[in-house]
Each structure stands twice: as C-alpha cells, then as structure tokens.
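# Notes for the structure review
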Amino acid sequence: MKVLVLGAGNVGRAIAWDLRDEFDVYVGDVSDERLKAVSEFATPLKVDASSFDSLVEAMEGFDLVVGALPGRFGYQSVKAAIKAGVDMVDVSFMPENPLELHNEAENAQVTVVFDAGFAPGLSHILLGRIWGEMERLKEGYIYVGGLPKEPRPPLYYRITWSPKDLIEEYTRPARVIRDGGVTAIDPFERIEKVSVGDFEFEAFVSDGLRSLLESVKAERLEEWTLRWPGHLEKMKVLRELGFFKPEHVDKTLEVITPLMTYESPDFSIMQVVGRGTLDGEEKEIGYLLYDEERDGFTSMARVTGFTAAIIARIVAEKGCTFGVIPPEILGMRRDTFKRIVEEITERKITLERWENASSGDS
C-alpha cells in the first residue's frame, strides 16, 4: 500500500518512520533539505502545498495521505484528498471546520480523520472514551503541554512545531462550553497556576476543543495549555502591543523564534479529566500521559506523529466509515480505543487511567 506523508518536518518524519516497515512510504515537501532528512526510510517527493492542483496531482495514485503540514494548508489538503479520491489522516491545526466537507467526502467514498495528532487528537480520543463510559458527563478538562525539560529565559519555551501555529494559540478566541452552551473567550482572560503530575505550570484556555464542542454534551468543557511559569505574561504583553497582528507576525517571529530555538530535550504531558455520573454515582475518570524525547525524535513529534500513524493504520484497514470523522469517535468505540492505547504504550509513551469518587472541584 502506497502512503504519502505531506510535510517533512519533525512530525512528518516521525509518521513516515513509524509507517516505514508496513507501507511503501513517500514524503512530500517543498524543501530539499527536509526531504533529504527522510530519504533513509521514505521516498522523497517534491510537493508544493500552496497549490491546490499540485496537491491533487501529487495525491493521485496513493492509497492513503497523512497530512503533517502547518494549519494554513490543512483545509486545502483535505479538499484535495477528496477530489483525488484518497483517504486522509490529518494533524494540522487548521482554523476552518473540516466537518463542512463531510457530505463531499461521503459522496466521494473517502474517509478523512482530522485533528489526528496529540492535542487536538489523542486528547479527544481520551475524552471520547470518558464520554462513552459516563452515563452523564457534567464537566471535562484537558490540560496539555509540550515543553523543554530545561526552560531557558527570557521566554522559557522551546519551539518544536510550527511557530505560526504557536502564535495562533495566543490570538485565536478559545471556544469552551460553560453552562451547557458554547462561548468564545480571550485565551489570556485568565492565566492560572496548575499542578499536573509532579509539575507546577501556568496555563491558559486554548481553542483546542474544536469538534468536541458538537460531539460531547456537558455543562462545562475546557482545554488548558500548559507552559513553564514566566512565559505567558511575556507573550500577553507582546500581543497587547500588536506584535502578533497579521501584518507584524512574520517580523515578530524573526525576533522571538531564536529565543525559543535551543538545545534541550523536550517532554509532553497531558491530563484529561471527566466528572459525571457512572453507575448512579458521582465519579471522576482521568488519564495522565507523559513522554520524553528519545531515539532522535522530539517528544512532540513522537506523541503527534505516532498517534497519526496508528490512526493511519486503522483508516488503511478500512476501520472507519466514509466521510469526515473527528478523532473522539475513535475513542467512543471500545475496539479502536483499546488498539490506540495499546499501540501508544508499545512506543514507550506512559498512559495511566484512574477512577474515583468525584469531589466536584475543577
């Protein structure tokens, strides 16, 4: 089976590496340097993702496409896959709603699983499982971060993914569920101190719920992104001064990206908690994930790329219906959830579950 991975960055490289023994893997990118880095285990293919026609042409002849491009190319890539008649798994943090393409994909007999990475992605799968177990979910919280083990001043953050998508987190209104309804809030409305695992972080509400806003019913549902203390206040000041406006963001990134580009092993951490009714009692069900950089891959590349690769196998085996499918559906299904968890832990990513009486504290 021929698989095309779009994007030869850190995540795309991890996806291709994970799929290399079971599929005939090609990696498409516009950069010769990035393509050279994947040539040991995949066939390089020059692809211009900014051109819709080029994307369609590149996808034709493949059995499956896995998208690992920046968010600005995500929606166009999904549309191109549908036109090319090829199934797709995508991890891009696209601002558009890919569910709008559901009927088009279904009519073309194409399967698209979007937001199939870490968060959104595995976060949705875990919350989908909690939703599937609960008789009634009252509230759910996702706490997630990909961070350097050695935070360095002045910004205490190391970039391991698209810089523009990072800034998008700080500027895009965050949609949450409060009092049973969807509302959008400023991501920097509140910066809070939170404890996750053995760590103390600061956190802000981020726009990562996406499809969960429609698929899961709860009185309160929020995603909080984790950062080391000292990072968020500085980013908030930069935003307030206008440095993140579209006309300024490229120049801003030229200045701040070097401050967040340095050598440090990274780690990924995520806690997903749901509180509600189970067997007639108030219960709390939670999952805690932890992973570190290893084997030449950043942790963020591992948790994002390996999750996408596992889902790609499920799609390749025709384990999903036609149409555009959010990742939480895979969590709601016991069989696919069990498989994803087993394969995640096989890759030395720690994932623990707990269940206890709910205190009702958020």
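Residues numbered from 1 in each chain as written. Predicted model: local features only at pLDDT ≥ 70, side-chain atom pairs only at ≥ 80, totals over all residues. Heavy atoms only, no water.

## Overview of the nonpolar core
- Core analysis: the biggest nonpolar cluster contains 66 residues, and Val27, Val66 and Met270 have the highest contact counts within it.
- In terms of residues, this core owes the most to one element, helix H11 (residues 299-316), which gives 12 residues.
- Setting aside chain neighbours within four positions, we find methionine 270 in contact with Phe118, Ala119, Leu122, Ser123, Leu126, Ile142, Tyr143, Val144, Tyr287, Leu288 and Leu289.
- Counting 32 residues, the second-largest nonpolar core is a separate cluster that includes Ile159, Ile167, Val194 and Ile256. (Core = buried A, V, L, I, M, F, W, Y, C linked by side-chain atoms within 4.5 Å. Buried < 20%, exposed > 50% of the residue type's maximum accessible area, 1.4 Å probe, protein only. Helix = DSSP H or I, 4+ residues; strand = E, 2+ residues; numbered from the N terminus. Contact = heavy atoms within 4.5 Å.)

## Brief notes about the packing of aromatic side chains
- Per the stated rule, a full pass over the model turns up 16 aromatic pairs.
- Both rings, one in phenylalanine 199 and one in tyrosine 290, keep their centres 6.2 Å apart while their planes meet at 15 degrees; by these two values the pair is stacked. Taken together, the residues span a long stretch of sequence, with phenylalanine 199 in strand E11 (residues 199-205) and tyrosine 290 in strand E14 (residues 281-292) at a distance of 91 residues.
- Relative accessible area serves as the criterion here: at 23%, phenylalanine 199 is assigned to the partly exposed category.
- Using a relative accessible area of 23% as the deciding quantity, one classes tyrosine 290 as partly exposed.
- The interplanar angle of 45 degrees and the centroid separation of 5.3 Å between the aromatic rings of phenylalanine 201 and tryptophan 228 together place this pair among those described as tilted. Residue phenylalanine 201 is located in strand E11, and its partner tryptophan 228 is located in the loop between strand E12 (220-227) and helix H9 (232-240); the two are separated by 27 residues in the primary sequence.
- The residue whose ring lies beneath arginine 129 is phenylalanine 337, and the NZ or CZ to ring-centre distance is 5.9 Å. (Phe/Tyr/Trp six-rings, centres within 6.5 Å; stacked < 30°, edge-to-face > 60°. Lys NZ or Arg CZ within 6 Å of the ring centre and 35° of its normal.)

## Quick word on the environment of arginine 20
- In this structure, arginine 20 sits in the loop between helix H1 (10-19) and strand E2 (24-29).
- In sequence terms arginine 20 and alanine 42 are 22 residues apart; their C-alpha atoms lie 6.9 Å from each other.
- Those residues in contact with arginine 20, other than ones at most four positions away along the chain, are Val25 and Phe41.
- A polar atom in the side chain of arginine 20 sits 2.5 Å from the backbone oxygen of tryptophan 17. (Polar contact = N/O pair within 3.5 Å; in protein donor to acceptor, adjacent residues only side chain to side chain.)

## With respect to H9
- Within H9, burial applies to Leu232, Met235 and Leu238. Looking straight down H9, one finds that the buried residues subtend no more than 120 degrees of arc, so they occupy a single side.
- Packed against the buried residues of H9 are helix H7 (163-171), strand E10 (191-196), E11, E12 and helix H10 (249-256). (Arc of directions from axis to C-beta.)

## A word on the sheet that holds strand E4 (residues 64-67)
- Spatial ordering of the open sheet is given by E3-E2-E1-E4-E5-E6-E15, a layout of 7 strands whose pairing is parallel. The sheet terminates laterally at strand E3 (43-46) and strand E15 (323-325), the two strands that pair on one side only. Pairs of neighbouring strands in the sheet enclose a mean axial angle of 20 degrees, with direction left out of account.
- One ladder, built from 5 bridges, connects strand E1 (residues 2-6) with E2; its direction is parallel. (Pairing = 2+ DSSP bridges. Axes fitted to C-alpha atoms, helices over the stretch in contact; angles between N-to-C directions.)

## Observations regarding the packing of helix H3 (residues 52-59) against helix H4 (residues 74-84)
- As a packed pair, H3 and H4 sit with axes 9 Å apart at the nearest point and diverge in direction by 50 degrees. Considering the angle they form, H3 stands oblique to H4. Between H3 and H4 lies a crossing whose hand is right-handed. Where H3 approaches H4, its residues Phe52, Leu55, Val56 and Met59 are matched on the opposing element by Gln76, Ser77, Lys79, Ala80, Ala81, Lys83 and Ala84. (Parallel < 35°, antiparallel > 145°, perpendicular 65-115°, else oblique. Left-handed = near helix turned anticlockwise from the far one by under 90°.)

## Side note on a nonpolar patch on the surface
- On the surface, Val237, Leu241 and Phe243 cluster together into a nonpolar patch covering about 280 Å² of accessible area.
- By the element assignment, leucine 241 lies in the loop between H9 and H10. (Patch = residues over 30% accessible without salt bridge, like charges linked within 9 Å, V, L, I, M, F, W, Y side chains within 5 Å. Areas by Shrake-Rupley, 256 points an atom, 1.4 Å probe, with all protein chains shown as cover. Salt bridge = Lys/Arg side-chain N within 4 Å of Asp/Glu carboxyl O.)

## Re the environment of alanine 301
- Within the secondary structure, alanine 301 sits in helix H11.
- A C-alpha to C-alpha distance of 4.5 Å links alanine 301 and valine 11, two positions 290 residues apart in sequence.
- Not counting residues up to four positions away in its chain, the partners in contact with alanine 301 are Asn10, Val11, Ala14 and Phe306.

## Some points on the packing of H11 against helix H13 (residues 334-346)
- Where H11 contacts H13, the two axes come as close as 10 Å, and the packing angle between them is 140 degrees. Our classification of the angle between H11 and H13 gives oblique. Where H11 crosses over H13, the handedness of that crossing is right-handed. For the pair H11 and H13, the contacting residues are Thr307, Ile310, Arg313 and Ile314 in the first and Thr336, Arg339, Ile340, Glu343 and Ile344 in the second.
- For the contact of H11 with H13, the class distribution of residues is 4 nonpolar, 2 polar and 3 charged. (Nonpolar A, V, L, I, M, F, W, Y, C, P; charged D, E, K, R; others polar.)

The analysis is restricted to geometry; functional conclusions fall outside its scope.
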